[in-house]
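# Descriptive structure summary
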Protein chains: 2
Amino acid sequence: MTTALPTGEKLGADWALQDPRDWLECLEVTTRAVLRDSGIPASAIIGIGTACTACTVLPTRRDGTPLMYDDHWAREPHAWCKLWKHHAAQDWADRITALAHERKEPWLATYGGKISSEWLLPKVAQVAAESPTVARAAEQWVEAADWIVWQLTGVQTRNACCAGYKGLWDAERGWPTADFTAAVHPGLADLAEKLGPVLPIGQRAGTLTAAMATRLGLHPGIPVAVGIIDAHAALPACTATAAGDLVAIMGTSCCHIVCAEDRVVVPGMCGVVKDGALPGLYGYEAGQAGFGDHFAWLSRLLGAGDPGHAALARDAAALGPAGSGLLALDWWNGNRSTLVDAHLSGVLVGLTLDTTPAQIYRALIEGLACGTRVIIEALTAHGVPVQRIIASGGLPEKNPLLMQVMADVTGRTIQVARSAQAGAVGAAIFGALAAGCDHGGHDDLSAAAAAMGGLQGTIYAPEPAHAPRYQALFSEYQRLYSYFGSTNPVMHALRAWAKPGLG
Amino acid sequence: MTTALPTGEKLGADWALQDPRDWLECLEVTTRAVLRDSGIPASAIIGIGTACTACTVLPTRRDGTPLMYDDHWAREPHAWCKLWKHHAAQDWADRITALAHERKEPWLATYGGKISSEWLLPKVAQVAAESPTVARAAEQWVEAADWIVWQLTGVQTRNACCAGYKGLWDAERGWPTADFTAAVHPGLADLAEKLGPVLPIGQRAGTLTAAMATRLGLHPGIPVAVGIIDAHAALPACTATAAGDLVAIMGTSCCHIVCAEDRVVVPGMCGVVKDGALPGLYGYEAGQAGFGDHFAWLSRLLGAGDPGHAALARDAAALGPAGSGLLALDWWNGNRSTLVDAHLSGVLVGLTLDTTPAQIYRALIEGLACGTRVIIEALTAHGVPVQRIIASGGLPEKNPLLMQVMADVTGRTIQVARSAQAGAVGAAIFGALAAGCDHGGHDDLSAAAAAMGGLQGTIYAPEPAHAPRYQALFSEYQRLYSYFGSTNPVMHALRAWAKPGLG
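All values reported here derive from a predicted model rather than from experimental measurement. In this convention, every chain numbers its residues from 1, walking through the sequence in written order. Written order determines the labels here, with chains lettered from A and ligands numbered from 1. In keeping with the predicted nature of the model, local features appear solely for residues at pLDDT of at least 70, side-chain atom pairs appear and are counted solely at 80 or more, and the whole-chain, interface and lining totals rest on all residues. Only heavy atoms go into the side-chain values, all of them from the structure, while hydrogens and water stay out.

### Description of the overall build of chain A
In DSSP terms, a helix is any run of H or I states spanning at least four residues, a strand is any run of E spanning at least two, and both are numbered starting from the N terminus. Looking only at helices and strands, chain A features 18 helices and 15 strands. Put simply, the radius of gyration uses C-alpha atoms, and a globule should come to 2.2 Å times the residue count raised to 0.38. A compact globule built from 503 residues would reach a C-alpha radius of gyration of about 23 Å, and chain A, at 23 Å, matches this within 12%. C-alpha atoms of chain A, sized along the principal axes, occupy 65 × 55 × 45 Å. With a 1.4 Å probe rolled over the protein chains alone, any residue whose accessible area is under 20% of its type maximum counts as buried; one over 50% counts as exposed, and the rest are partly exposed. The buried share of chain A, taken over its 503 residues, is 58%. Pairs at least 24 residues apart make up 75% of the contacts formed inside chain A by residues separated by at least 6 positions. Within this scheme the basic residues Lys and Arg register as positive and the acidic residues Asp and Glu register as negative, but His and the chain ends are omitted. Charged side chains are reduced to one point each, which is NZ for Lys, CZ for Arg, CG for Asp and CD for Glu. Across chain A, the centroid of the 36 positively charged side chains sits 3 Å from that of the 46 negatively charged ones. It only takes one pair of heavy atoms within 4.5 Å for two residues to be counted as in contact.

### A few points about helix α15 (residues 422-435) of chain A
Residues and elements named next belong to chain A. For α15, spanning 14 residues, the distance from its first C-alpha to its last is 20 Å, which sits close to the expected 20 Å at 1.5 Å a residue. Most of α15 is tucked away: 11 of the 14 residues are buried. Among the residues making up α15, those that are buried are A422, G423, G426, A427, I429, F430, G431, A432, L433, A434 and A435. Positive backbone phi, approximately 100°, marks G436, located one or two places after α15. To estimate how far a helix should extend, the number of its residues minus one is multiplied by 1.5 Å.

### What to know about the sheet that holds strand β9 (residues 271-274) of chain B
Remark on secondary structure: sheet strands pair via backbone hydrogen bonds, oriented parallel or antiparallel. All names here are of chain B. Across the sheet, seven strands lie side by side as β9-β10-β8-β7-β13-β14-β15; this open sheet has mixed pairing. With partners counted over all chains shown, the strands left at the sheet margins are β9 and β15 (455-460), one partner each. Strand-to-strand twist of the sheet, defined as the mean angle between neighbouring strand axes without regard to direction, takes the value 25°. Looking at chain direction, strand β13 (residues 388-392) and strand β14 (residues 414-417) are connected through three bridges and run parallel. Looking at the pairing, A391 lines up with V416 of β14. Axis lines are fitted through C-alpha atoms, for helices just across the contact stretch, and the angle between N-to-C directions can take any value from 0 to 180 degrees. Along the sheet, helix α14 (residues 400-410) contacts β7 (245-250), β13, β14 and β15; its crossing angle with β14, the most-contacted strand, is approximately 145°. Here, a strand pair is defined by DSSP locating no fewer than two bridges between the strands.

### Digging into the relation of the copies chain A and chain B
The copies were overlaid with a least-squares fit restricted to C-alpha atoms from residues scoring a pLDDT of at least 70 in each copy. Its rotation angle being 180°, the transformation that places chain A on chain B also includes 0.2 Å of axial translation and leaves an RMSD of 0.1 Å. What the rotation and shift describe, once combined, is the action of a two-fold rotation axis. In terms of proximity to the rotation axis, the leading residue of chain A is G305 of chain A, whose C-alpha is 2.2 Å off the axis. In this assembly the copies share their binding face: 100% of the residues contributing to the interface of chain A also contribute to that of chain B.

### With respect to the domain arrangement of chain A
When the parts of a complex come together, some accessible area is lost, and that lost area is often taken as the interface size. Residues and elements named next belong to chain A. Bear in mind that the domain bounds are from an automatic or database domain assignment. Along its sequence, chain A is carved into domain 1 (17-225) and domain 2 (235-420 + 443-503). The centre of domain 1, based on its C-alpha atoms, is set 28 Å off from the matching centre of domain 2. Counting residues at the interface gives 17 residues for domain 1 and 22 residues for domain 2. Between domain 1 and domain 2 the total buried area reaches about 1,500 Å² when both faces are included, carbon and sulfur atoms providing 53% of it. Simply put, the buried area is the total loss of 1.4 Å probe accessible area from both parts when two parts are fitted together. Among the residues domain 1 hides against domain 2, the three largest losses belong to T110, Y165 and I201. Together they make up 38% of the total. When a carboxyl oxygen of Asp or Glu lies within 4 Å of a side-chain nitrogen of Lys or Arg, that pair is called a salt bridge. Scanning the region where domain 1 abuts domain 2 turns up one salt bridge. In this structure, D170 and R263 form a salt bridge, with 2.4 Å as the shortest nitrogen-oxygen distance. Here a polar contact is taken to be a pair of N or O atoms separated by no more than 3.5 Å, where protein atoms must pair a possible hydrogen donor with a possible acceptor and residues adjacent in sequence count only if both atoms sit in side chains. Taken together, the links from domain 1 to domain 2 amount to five residue pairs in polar contact (both at pLDDT 80 or more). It is helix α6 (residues 160-166) that provides the largest number of residues to the side of domain 1 that touches domain 2, a total of five residues. Any residue that is not Ala, Val, Leu, Ile, Met, Phe, Trp, Tyr, Cys, Pro, Asp, Glu, Lys or Arg is counted as polar, Gly included; the first ten are nonpolar and the last four charged. Grouping the constituent residues of the side of domain 1 that touches domain 2 by class yields nine nonpolar, four polar and four charged.

### A short note on the interface of chain A and chain B
In this assembly, 55 residues from chain A lie in contact with 55 residues from chain B. Approximately 4,500 Å² of surface area, both sides summed, lies buried where chain A meets chain B, with 64% of it carried by carbon and sulfur atoms. Between the two partners, chain A and chain B, sit zero salt bridges. At the surface where chain A touches chain B, the tally comes to 15 residue pairs in polar contact (both at pLDDT 80 or more). Of all the elements in the fold, those that place two or more residues in the side of chain A that touches chain B are α10 (293-302), α11 (309-319), β12 (346-351), α12 (357-381), α17 (467-487) and α18 (490-497) of chain A. Looking at the side of chain A that touches chain B element by element, the count peaks at nine residues for α17 of chain A. For the side of chain A that touches chain B, the per-class residue count stands at 31 nonpolar, 16 polar and eight charged.

### Describing the side chain of H185 of chain B
All names here are of chain B. Structurally, H185 can be placed in the loop between α7 (178-184) and β5 (204-207). Given the relative accessible area of 18%, H185 is considered buried. A polar side-chain atom of H185 sits 2.9 Å from the main-chain amide nitrogen of G187. Beyond its immediate chain neighbours, meaning those up to four positions away, H185 contacts W92, A128 and A129.

### As for the packing of helix α1 (residues 20-38) of chain B against helix α5 (residues 144-153) of chain B
Residues and elements named next belong to chain B. It is at 11 Å that the axes of α1 and α5 come closest, and there the two elements cross at 55°. As summarised for this structure, α1 and α5 are arranged oblique, according to the angle between their axes. Where α1 crosses over α5, the handedness of that crossing is right-handed. Of the residues in α5, those in contact with P20, W23, L24 and L27 of α1 are A144, W147, I148, Q151 and L152. Any angle from 65 to 115 degrees is called roughly perpendicular, while one under 35 is roughly parallel, one over 145 is roughly antiparallel, and all others are oblique. Throughout, a crossing is termed right-handed when the near helix is turned clockwise from the far one, and left-handed when it is turned anticlockwise from it by less than a right angle.

### Comments concerning the environment of L351 of chain A
Residue position: L351 of chain A is located in strand β12. In the structure, L351 of chain A is positioned 255 residues away from I96 of chain A in sequence and 40 Å away in space, judged by C-alpha atoms. Residue contacts for L351 of chain A: discarding those within four places in its chain leaves L326 of chain A together with W297, W331, W332, S345, G346, V347 and L348 of chain B.

### Comments concerning the pattern of salt bridges
Here the idea is simple: oppositely charged side chains can pair when their charged atoms come close. Residues and elements named next belong to chain A. By the definition in use, this model includes 26 salt bridges over all chains. A salt bridge links R36 to D37; the nearest nitrogen and oxygen atoms lie 3.4 Å apart. As far as the burial class goes, R36 and D37 line up, both exposed. Each of R103, E105 and D179 takes part in a single network of salt bridges with overlapping partners.

### Some thoughts on the sheet that holds strand β12 (residues 346-351) of chain B
Taken together, four strands build an open sheet; the order of strands is β11(A)-β12(A)-β12(B)-β11(B) and the sheet is antiparallel. On the outer flanks of this sheet lie β11 (327-329) of chain A together with β11 (327-329) of chain B, each paired with one strand and no other. The average angle at which neighbouring strand axes cross in this sheet is 10°, direction not considered. As defined by bridge partners, β12 of chain A adjoins β12 of chain B across five bridges and the pair is classed as antiparallel. Within β12 of chain B, the position partnered with V347 of chain A by the bridge is V349 of chain B. Most of the contacts of α17 of chain A go to β11 of chain A, to which it runs at about 40°, and overall it touches β11 and β12 of chain A together with β12 of chain B. Packed onto the sheet, helix α17 (residues 467-487) of chain B meets β12 of chain A together with β11 and β12 of chain B and runs at close to 40° relative to β11 of chain B.

### A short note on the pairing of strand β4 (residues 140-143) of chain B
All names here are of chain B. Residues of β4 alternate between two faces, with Q140 and V142 on one and W141 and E143 on the opposite face, all of them buried. The pairing of strand β2 (residues 57-60) with β4 spans four bridges and is antiparallel. Considered in β4, the bridge of L58 is made with V142.

### A word on the packing of α12 of chain A against α17 of chain A
The description of two packed helices rests on the angle between their axes and on the distance between the axes. All names here are of chain A. Put simply, α12 and α17 touch, their axes get as near as 10 Å, and they point 75° apart. It follows from the interaxial angle that α12 and α17 lie roughly perpendicular. Counted together, R362, E366, G367, C370, G371, R373, V374 and E377 of α12 and Y470, Q471, L473, F474, Y477, Q478 and Y481 of α17 form the full contact between these two elements. Residues that form the contact of α12 with α17 fall into these classes: seven nonpolar, four polar and four charged.

This is the structure:
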C-alpha cells in the first residue's frame, strides 16, 4: 500500500506498507502450487528456509500478533507493517546520522557513516514521534523475515542478517544502547527490550508447527532455518561460500555482498555484519540504488518510440567501448555505495543533436559498470579481497552486453548464477542446512551450495583490447563522481526545487 | 550538396557545397512569384535589397564567373561554392587560431580569441592545401551575398557585414596582412588582392542591369543595396536601429546582434564590426550554436513516443520555474558564445527514474534562456549596453513558454518582431534605403525601419515572483558552465572516442 489503507485512510508521501496476512497467504498458495506442479511429495520436504525483504518491520504483541490485527489499530497506518521501501522516515534518518556523528557512536563507520531511511531505527522513530500510542502498545518490533519464521515454528528468533544490516545490531556490541535510542526519541528508551536476542544465519530456528503444516500441506516437525534477507541468501546459490567471493544481485537495483575473514572499515558500505551472510565470516554489503531501473526508465521515456531491448542492445553493441559520445553517472535512483546519498541524481554528459536512444542505452550500461568498479575498488583498497565475481538476478541472462561491459570495465571475469532466483535457491540451501547432516550429505554450507546451487557455463572475460579505452572512461567517471558527489551540491538544489511528487 | 557533386564525385565528411546557378534561379522564380501573387506592378519596385547566408564563398574569375562554370573545373569539389555550414576546414581553423595567438594578431580578440571553421580564411586555406590548382586559378574569392549583388548590378562590391564578421576584415585595418596569410599557407600570400575593397552596409552597390531586369521581370536601372548577412539584416525589420537594441534571431540556432557607439573587447563574441549591422555603429554578434535544434532532437529521440510540441509545452509549463528537477547545459551543438568551442556538448543533470520528456523539454528551455543570459551579461559587463531585446525568427511565435522563460531568466522584457522573416524584411529596408530619399520618406534607416519593420503587440515581461528561483538556477548553470567549459575537458575526450560520424 502506498496511497491508502484498505479502509481508505490516506497515507503520506513516500509511505509503503504491507499486510502480514498476505505473506501467509502467499506461503500457502505458493507451497501448495510448488508441491502440486513439481509432483514432489510432502514427505520429501525435509527442511524449510525462507528469505525476505528487509527492513520490513511491524509492531506486535509479546506473542507476535501484529497490532493491526486488532480492530482498535486497524485504521492506524503506523500500526501496520512498514515495507523496506517506506521512505517517509528520511528526516529521522538524517537526525539519527547527525546524532551518531555527534556522539561518535562506534558503529557509525560500519554503515558508511550514514543511516538509511529504509532501516529499522528511523522507521521506529517515526512511529514514536507521529503515533506515540502505537509505539507504547508495540511490545515487539519484528522483521518480516523473523515474523514469518515465528509463524512457521511458534518460536521467536531474530536473524543476524536483518539485525546487523538493517537494525544497527552487532554480534559483539548488541543493539544500540538505551542511552542512544532515548536520545533519538524518549519513546525509544526501551527499544532494545522490544528487539531481543539474535541468532547467526544458517541455524535452525525450530520446527514446523502442526497448524502451519496443515495450512501449507507439509509434514509437521520438519526443521525451519532462521530468516535471512533475500539478497544475502543468494550467496550459497551462487556457490559463493568462501571469503572473497563477491555476489552481485542485479535487478532493478544491484546489491553486492562479499565476505571476509576480518572486520575492516570500508567507507560507503551499507553494512558489515559477522555471521550475516555466511556463517563465521564478516559479510560486507554495498549497493547501487538503481540498476536495471535505468533501462526501464529509458523505455518509459521513449514510450511508443522504444525500439525494444533487442534493437537497443544491438545498436549499442555496434558503438564499441566508450563509443556513444556520452558518459552517464548512474544515479537515477540516488547513490547507495559509496556516497550513501539518496538525493543524488543522474547525469548525462556529451549529448549532441545526433544522440540516439542506443547511445544513451550504452552510456547507462557503461555508467553502471563504472559504478560497480567504484565499489570493488573501495572494498579492495580497504582490505576486503575480491577474488571472484558472480552475477545473479534477472539481468545477467537478459543482457549479455551489460555483462561483457561489466567484465571489461572492472577488468574481472564474471560468472553467472544458474538460477535467476538465487535468493530462493539460497533460502532452500539454508533450509537443508537447518535440516541437518543425515539427508544427502548437506553437512555444511559448502556441500549444500555445491549440491543445490550452481553456475552457468557462460563466463564473461574482460577483453584486453578494450582495457585502455575503458580505463580512460573510468577516470573520467571518477572525476565526475567526485565532482557531483562531493564538490558541487547542485543535485540537492534541483531536487529541492522540483515540483513535489517528481521523484 | 553534402555527399557528392551532381556528377557523382564524392565529398568528404563535414562538406557542404552549393551551386550559384541555383541562387539565380531562386531569385527569378521567387521575384516573379511575388509580383504575380501580390499583384504589385514591377513599376512599384523602386529598389532591391538582398540578404544571404555567410560565410558562403566561391572562387571566381576576375569578372565574377565561378570557376565551376568551366568544364575544366566542374568535377573538382574545391572549385564549387562552400556553404556556410561546410565544417571540413576545422583543422585549418585550429591552426589559424594557434598562429594568430602566437603572432599576437591584433584582430584576434575581436573574434573571441578563436577562428571558426565556418569562416573565409579556413575555407580558403583548405583549398590552398588540398587543391593548389584551384587556389591559383581563383582570381577572386567572393561571398555569395556579394556575388548575387554583382550579378544584379554588373558591379563588384563587398559588404562590411560579411567581410567583418566572416573574413577578419576591419574598417581601420583592412584584411589580414599578406604576412599572416602567407604564414597560414604559402598559397595565400596574395589573398587580400583576391578580396578587394569593402563598402559599409546600407550603401547603394549599383543599379539593376537590363539582362537581370528581363530575367526577374523588373525595371532596369533600379538601385540595388550592397549585400548583408541574413541575420544582421533583421535589425531594422525589428525596429532595432539604435545602439543597445539587441535582436535575437531564434531558429535552429540563435544569433544575437547588438550595436554600440564604441568598440570594446567582449570575450567570446563571434565578431565586432563597424558598419557591419547598422551604419555608423559597431555591431557585436554572439550566438548559441544550437537553439530550436534542441527541441527537434528531443522529438527525434522520442520518435513515435513524441507527445508533440503542444503536449510537451503544456506539461512543461505546469512544472513551474526550475521545477523539472533537471538542469541542462544547452550545448547539444557546441557552444559558440562565450566559449567558442564547437566540440563542447550537452549535459543533463538531475535525471531520476521519474524524469519525463516534458521535464527534459522544460530543462532545455531553461538552459537556452540561461545561455542567452550569459551572453547578455558578457556584453553589459564589458561595456556594451543592452537596453531593449527583440526576438525574431520562427521560434518566438511557436513557443510562448520559451519566450516567457527567456524574459524570466534574463529579467528583461522581450518584444517580438512582426514578421517571422525579419531577414527578408530587413533586406527590403536596405533596398529602400539604397533607392534614396524621394520615395515615401525612407530618407534614413530609422524612418525606413519604422515604416517597413515592426513589432507584435505581445510583450513578454519578467514575472517578479519567478526571479529568486531563476536567479538560483542561473547560479547553478554558471557553475556548470565554467566547470564543463573550462575546468573539466571530459567532453573533448568523449567526442574523440565516439564512433566516427556520431555528432
